[in-house]
Amino acid sequence: MRDPTAFLRQEYDELVRADLDWKLRVLGGPSTPWCSIDGKRVLMFCSNNYLGLSNHPKIKAAAISAIESHGAGSGSVRPIAGNMDIHMELERRLAAFKRADASLVYQTGFATNAGLIPQLAGDGDLIVSDELNHGSIIDGVRLSKAEKAVYRHSDVGDLERVLTGAEHHAPAYRRILVITDGVFSMDGDVAPLDRIAAAAAPHGAMVYVDDAHGEGVLGEGGRGIVSHFRLSREQVQVEMGTFSKAFGVVGGHISGSRDLVNFAYNKSRTWLLSGSHPPGVAAACLAAVDVLEHEPQHVERLWSLTRRFKKAMAGLGFDIGHSETPITPVIVGESARAKALSQRLFELGVFALPIVFPMVAKDKARIRTIMNAALSDADLETAIGAFDTAGRELKLL
Ligand SMILES: *Cc1c(COP(=O)(O)O)cnc(C)c1O
């Protein structure tokens, strides 16, 4: 008899043969600058915990105290019996931080994109998406019955071409939704959101920005890309983000008008049909917003370390691409070179993973580093020294 599960082993084996299978590393303790990976003490250089908030004492204390006061779980989805005072307070505080009329918190950023995008545009509508948008946007778009168009990466001229072409569509589209990442995570480049919004407006298109890597990094006090470009809520109607990166916890969110939030919480299936954040998570997110409001030094430190690192790496002769953010790719060419560099860095005490084809072009394999505000000056020097040593040994410099 034919084994109906034979494909599982076959497809997995193919990935292993191509060396494309994920080899899970084990973090034996907190995600701090010096951490334990597979039992070795190394400098963390690739986590999304930009500001070190996942170990901030106030944020940890808030989580512990909410577990004591509200329990380990919320008991339900938010629209039924799982909507706690902490969830409501988090949304009020986030909206105030974002200077928006309202915010809505989802379980994750992925759940936000998957739950909201297909509701904002459906049958008879058009979604226009940057070609390098994150996978969770791509999946959200796939769940929509809208027609789809892709424009060349951050190419506003190409976006205008698509939007102008859409004017001639018959029957006329009911709605048009333009979606872009705020910061693109492979190269660290920032979407030209001001020009995207200007291109969308004359066509009556809504603009949706996924600012997962801009939260806590860009804008005034880390308020994100909408603040960075000083745009209004009339220009960018949906600002989406995550608590899983610079905020150091987990959770997705949107900010915009009260109408947007009222609509989203009645329509987003991931929000309606999936359990709400445990109290400890909601309280930790709330404390993270509080820390960002009251301790601007973390964002400042992140940028000062970023500038020093980029300058030193370029000075050594590495190709660090055109990043404008604390994501610094170290581009080395073929996959094998990126893997060798990552391996040697690990031996020298720096943890940064290679990013290879198919995530980036075949000749653009890289180590993707992400700066962390919690690194000391000495830690930064140690990491730069390791890149110097490994780069010379592998004849990359
Ligand atoms: C990380 C990321 C997400 C997913 O966020 P989670 O909260 O981790 O689910 C969505 N979009 C972009 C652009 C991201 O980088």
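Residues numbered from 1 in each chain as written. Predicted model: local features only at pLDDT ≥ 70, side-chain atom pairs only at ≥ 80, totals over all residues. Heavy atoms only, no water.

**Comments concerning the site of the ligand**
Thought 1: The local shell around the ligand consists of Thr108, Gly109, Phe110, His134, Ser136, Asp181, Asp210, Ala212, His213, Thr242, Ser244 and Lys245.
Thought 2: Contact distances for the ligand include 2.9 Å between an oxygen atom and a backbone N or O atom of Phe110.
Thought 3: Here an oxygen atom of the ligand sits 2.6 Å away from a polar atom, N or O, in the side chain of Lys245.
Thought 4: When the ligand is considered free in solution it has 380 Å² of accessible area, and contact with the protein chains removes 86% of it.
Thought 5: Its residues placed into classes, the shell around the ligand shows two nonpolar, seven polar and three charged. (Near = heavy atom within 4 Å. Polar contact = N/O pair within 3.5 Å; in protein donor to acceptor, adjacent residues only side chain to side chain. Areas by Shrake-Rupley, 256 points an atom, 1.4 Å probe, with all protein chains shown as cover. Nonpolar A, V, L, I, M, F, W, Y, C, P; charged D, E, K, R; others polar.)

**Focus on the sheet that holds strand β1 (residues 34-37)**
Where strands meet in a sheet, backbone hydrogen bonds hold them as pairs that are either parallel or antiparallel.
Thought 1: Within the open sheet, the three strands sit side by side as β1-β2-β11. Their pairing is mixed. Each edge of the open sheet is held by one strand with a lone partner, namely β1 and β11 (350-351).
Thought 2: Looking at chain direction, strand β2 (residues 40-44) and β11 are connected through two bridges and run parallel. If you follow Met44 over to β11, its bridge partner there is Phe351. (Pairing = 2+ DSSP bridges. Helix = DSSP H or I, 4+ residues; strand = E, 2+ residues; numbered from the N terminus.)

**Some words on the pattern of salt bridges**
Opposite charge on two side chains lets them pair, provided their charged atoms get close.
Thought 1: Applying the stated criterion across every chain yields a total of 24 salt bridges.
Thought 2: The salt bridge involving Glu220 is made with Arg99; its shortest N-O contact spans 2.9 Å. Of this pair, Glu220 sits in the loop between β7 (206-210) and α8 (225-228) while Arg99 sits in the loop between α3 (85-98) and β3 (102-106), and the two are 121 residues apart along the sequence.
Thought 3: Beyond isolated ion pairs, a larger network of salt bridges with shared partners links Asp19, Asp21, Lys23 and Lys339. (Salt bridge = Lys/Arg side-chain N within 4 Å of Asp/Glu carboxyl O.)

**A word on empty space enclosed by the protein**
Thought 1: Scanning the model with the defined rule gives one cavity of 30 Å³ or more in all.
Thought 2: Each pocket or cavity is described by its volume, and for the largest cavity that value is around 70 Å³.
Thought 3: Around the largest cavity, the lining residues are Arg78, His87, Val105, Tyr106, Gln107, Trp271, Ser274, Gly275, Ser276 and His277.
Thought 4: Taken together, the residues of the lining of the largest cavity break down into three nonpolar, six polar and one charged. (1 Å grid on protein atoms, 1.4 Å probe; cavity = no way out; pocket = protein on both sides within 12 Å on 5 of 7 lines; lining within 4 Å. Points joined across faces, edges and corners; volume = space filled by probe spheres on them.)

**Focus: the packing of helix α6 (residues 156-167) against helix α7 (residues 193-200)**
Thought 1: Where α6 contacts α7, the axes come no closer than 10 Å and their chain directions differ by 20°. Taken as axis vectors, α6 and α7 run roughly parallel relative to one another. Like other packed secondary-structure pairs, α6 and α7 cross with a definite hand, here right-handed. In this structure, α6 contributes Val156, Leu159, Glu160 and Leu163 to the contact, and α7 contributes Arg195, Ile196, Ala199 and Ala200.
Thought 2: Class assignment of the residues belonging to the contact of α6 with α7 gives a composition of six nonpolar, no polar and two charged. (Axes fitted to C-alpha atoms, helices over the stretch in contact; angles between N-to-C directions. Parallel < 35°, antiparallel > 145°, perpendicular 65-115°, else oblique. Left-handed = near helix turned anticlockwise from the far one by under 90°. Contact = heavy atoms within 4.5 Å.)

**A short note on the layout of surface pockets**
Thought 1: Taken as a whole, the largest pocket holds about 1,500 Å³ of empty space.
Thought 2: Along the walls of the largest pocket sit 46 residues, with Trp22, Leu353, Pro354, Ile355 and Met359 positioned nearest its centre.
Thought 3: Residue assignment for the lining of the largest pocket shows that the elements contributing at least two residues are α5 (135-142), α13 (335-347), β11 and β12 (354-355).
Thought 4: Per-element accounting of the lining of the largest pocket gives the leading share, four residues, to α13.
Thought 5: When its residues are assigned to classes, the lining of the largest pocket shows 23 nonpolar, twelve polar and eleven charged.
Thought 6: Split by domain, the residues of the lining of the largest pocket number at least three in each of domain 1 (15-44 + 296-393) and domain 2 (57-294).
Thought 7: Along the walls of the second largest pocket sit 15 residues, with Arg78, Met88, Glu91, Arg258 and Tyr265 positioned nearest its centre.
Thought 8: At the level of elements, α3, β3 and α9 (258-267) are the ones that each hand at least two residues to the lining of the second largest pocket.
Thought 9: By residue class, the composition of the lining of the second largest pocket is eight nonpolar, two polar and five charged. (Domains from an automatic or database assignment.)

**What to know about the pairing of β1**
Thought 1: Residues Cys35 and Ile37 line the buried face of β1, whereas the alternating positions Trp34 and Ser36 sit on a face that is not buried.
Thought 2: Counting the residues between successive antiparallel strands, the hairpin from β1 to β2 contains two residues, one of them, Asp38, with a positive phi of roughly 50°. (Buried < 20%, exposed > 50% of the residue type's maximum accessible area, 1.4 Å probe, protein only.)

**Here's the deal with the domain arrangement of the protein**
Much of the literature gives interface size as the accessible area that the parts lose upon coming together.
Thought 1: The domain architecture assigned to the protein consists of domain 1 (15-44 + 296-393) and domain 2 (57-294).
Thought 2: Each of domain 1 and domain 2 has a C-alpha centre, and the two are 28 Å apart.
Thought 3: Each partner contributes to the interface: domain 1 provides 17 residues, whereas domain 2 provides 17 residues.
Thought 4: In total, domain 1 and domain 2 occlude about 1,200 Å² of area from one another, counting both sides; carbon and sulfur atoms represent 62% of this.
Thought 5: Where Asp187 meets Arg366, a salt bridge forms, and the shortest distance between an N and an O atom there is 2.8 Å.
Thought 6: The tally of links between domain 1 and domain 2 comes to eight residue pairs in polar contact (both at pLDDT 80 or more).
Thought 7: Elements supplying a minimum of two residues to the side of domain 1 that touches domain 2: α12 (297-316), β10 (327-333) and β13 (365-370).
Thought 8: Per-element tally for the side of domain 1 that touches domain 2: the top contributor is α12, with four residues.
Thought 9: Considering only residue class, the side of domain 1 that touches domain 2 consists of ten nonpolar, four polar and three charged. (Buried area = accessible area lost by both parts, 1.4 Å probe.)

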